[in-house]
Amino acid sequence: MDTKLIILPSCGKVYSIEGVEEKSKVEIREPLGKDEMLLTNTSLLGSGDVFIRLIQNLLVDKKWKNIDFLSADSEAILFAIRYLMYGNYKNKVVCPECKTEQEYEFQLNELRITTLDVDPVEPGKNLFLFVASDGTNIQFSLPTDNFEKELSIFISKNKGKSGINFLFERHIRLVKSINNMSEPDKIRNYIENGMKVSTFKEFRDYVKSITPGVIKTYETRCNNCAASFNVDMTMGADFFWVI
């Protein structure tokens with residue numbers, strides 16, 4: 001059975017897996033009909049585990065199976081899986097100048113990625129250090145599949161409620177310690193009542209600057225008026241189910 005090696009945006013820096021030396025890449029097998037059927041499993045769709053299960057099923061080296069992948073790594077793997085299943089992704093785009101609709105084909109086999117270019121505080125650990133301009137030391141993790149799942153559940157439960165800033169909540173949850181203070185309630189209280197807005201903004205900007213990922217914005221040209229414009233690749237409803 002054919003397999004494919006996928007370069008991880010994290011370069012494997014945050015994983016410690018016994019018996020695995022090369023952690024910058026993972027190998028997946030060719031998807032089968034049973035794998036495609038996972039995409040319609042209502043139980044997995046409802047729990048938000050469908051893509052996690054799909055990745056786990058396709059990993060060749062099962063030592064990776066229970067790893068909580070960085071979100072960026074999972075995304076890279078999922079784009080590769082989608083390519084193996086259905087080929088390149090075609091989507092309708094609209095020219096912002098003349099409003100003409102045309103088809104754009106995203107080359108999923110030639111994805112560009114940004115890599116994790118800083119090292120964690122310990123090899124193989126998802127923990128990083130940021131020192132703000134005022135001297136505040138913040139240790140934090142980058143988002144993983146489980147992190148995104150838990151945040152999604154929180155957002156669903158609190159959607160429509162006043163006084164909740166989900167961007168703020170996201171970054172609070174990434175913080176693991178502030179000046180060696182590691183209790184979650186104390187971290188939250190300090191950020192809300194003791195930390196300067198400018199310091200927390202510095203932290204958010206730093207997280208954004210080092211977070212690896214798949215580049216999903218491409219430039220194209222309108223077939224009608226020849227204007228150049230950017231198109232974004234998104235996982236729409238048809239991204240993983242082609243009729």
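Details of the structure are given in the entry above.
Residues numbered from 1 in each chain as written. Predicted model: local features only at pLDDT ≥ 70, side-chain atom pairs only at ≥ 80, totals over all residues. Heavy atoms only, no water.

(A) Structural view of the pairing of strand 10 (residues 217-221). The alternating pattern of strand 10 places Tyr218 and Thr220 on a buried face, while none of Thr217, Glu219 and Arg221, on the opposite face, is buried. Two elements, strand 10 and strand 11 (residues 228-232), share five bridges in a ladder whose sense is antiparallel. Counterpart to arginine 221 in the pairing with strand 11 is serine 228. Linkage of strand 10 to strand 11, two consecutive antiparallel strands, is achieved through a turn of six residues, within which alanine 226 is found at a positive phi near 70°. (Buried < 20%, exposed > 50% of the residue type's maximum accessible area, 1.4 Å probe, protein only. Helix = DSSP H or I, 4+ residues; strand = E, 2+ residues; numbered from the N terminus. Pairing = 2+ DSSP bridges.)

(B) Spotlight on the side chain of glutamate 169. Mapped onto the elements, glutamate 169 comes out in helix 6 (residues 166-174). Beyond its immediate stretch of four places on either side in the chain, glutamate 169 contacts Leu151, Phe154 and Arg188. (Contact = heavy atoms within 4.5 Å.)

(C) Expanded view of the sheet that holds strand 7 (residues 137-140). On the basis of which strands lie adjacent, the open sheet formed by three strands has the order 6-7-8 and antiparallel pairing. The open sheet has two free edges, formed respectively by strand 6 (128-131) and strand 8 (175-178), since each of these has just one partner strand. Shown here is a sheet whose adjacent strand axes are inclined to one another by a mean of 25°, direction ignored. Contacts from helix 6 reach strand 7 and strand 8 within the one sheet, and its direction differs from that of strand 8 by about 70°. (Axes fitted to C-alpha atoms, helices over the stretch in contact; angles between N-to-C directions.)

(D) Quick look at helix 8 (residues 197-210). With 14 residues, helix 8 extends 20 Å from end C-alpha to end C-alpha; this agrees with the ideal 20 Å at 1.5 Å per step. Where helix 8 is buried, its residues meet strand 6, strand 7, helix 6, strand 8 and helix 7 (184-193). (Expected span 1.5 Å × (residues − 1).)

(E) Local environment of the pattern of salt bridges. Evaluation of the coordinates by the stated rule reveals 13 salt bridges. With its nearest N and O atoms 2.6 Å apart, the salt bridge here joins glutamate 148 to arginine 170. Remark: arginine 170 occurs in helix 6 and glutamate 148 occurs in helix 5 (residues 145-158); sequence separation between them is 22 residues. In this structure, the salt-bridge partner of glutamate 192 is arginine 188, at a minimum N-O distance of 3.9 Å. Linking glutamate 192 with arginine 188, this pair stays in helix 7, spanning four residues, or about one helical turn. You can call glutamate 192 partly exposed: its relative accessible area is 45%. By relative accessible area, arginine 188 is classed as partly exposed at 27%. (Salt bridge = Lys/Arg side-chain N within 4 Å of Asp/Glu carboxyl O.)

(F) Structural detail: the packing of helix 3 (residues 50-58) against helix 4 (residues 71-86). Interaxial distance between helix 3 and helix 4 falls to 11 Å at its minimum, and their mutual angle equals 70°. Accordingly, the angle class assigned to the pair helix 3 and helix 4 is roughly perpendicular. When helix 3 is examined against helix 4, the residues Phe51, Leu54, Ile55 and Leu58 are found in contact with a partner set consisting of Ser74, Ile77, Leu78, Ile81 and Met85. For the contact of helix 3 with helix 4, the residue count by class is eight nonpolar, one polar and no charged. (Parallel < 35°, antiparallel > 145°, perpendicular 65-115°, else oblique. Nonpolar A, V, L, I, M, F, W, Y, C, P; charged D, E, K, R; others polar.)

(G) Expanded view of a nonpolar patch on the surface. Judged by side-chain polarity, Val121, Leu129 and Val131 come together as a nonpolar surface patch covering roughly 220 Å² of accessible area. Its place among the elements puts leucine 129 in strand 6. (Patch = residues over 30% accessible without salt bridge, like charges linked within 9 Å, V, L, I, M, F, W, Y side chains within 5 Å. Areas by Shrake-Rupley, 256 points an atom, 1.4 Å probe, with all protein chains shown as cover.)

(H) Geometry of the packing of aromatic side chains. Summed over all chains, the structure comprises 15 aromatic pairs. Summarising the aromatic geometry, the rings of tyrosine 104 and phenylalanine 106 are spaced 4.7 Å apart at their centres and angled 70° between planes, so their arrangement reads as edge-to-face. There is no split in this pair, since tyrosine 104 and phenylalanine 106 are both buried. Between phenylalanine 140 and tyrosine 206, the ring centres sit 6.1 Å apart and the planes meet at 90°, which makes this aromatic pair edge-to-face. Placement of the pair is phenylalanine 140 in strand 7 and tyrosine 206 in helix 8, with a sequence separation of 66 residues. What makes phenylalanine 140 buried here is its relative accessible area of 0%. Above the face of the phenylalanine 154 ring, arginine 173 is positioned so that its terminal group lies 4.5 Å from the ring centre. (Phe/Tyr/Trp six-rings, centres within 6.5 Å; stacked < 30°, edge-to-face > 60°. Lys NZ or Arg CZ within 6 Å of the ring centre and 35° of its normal.)

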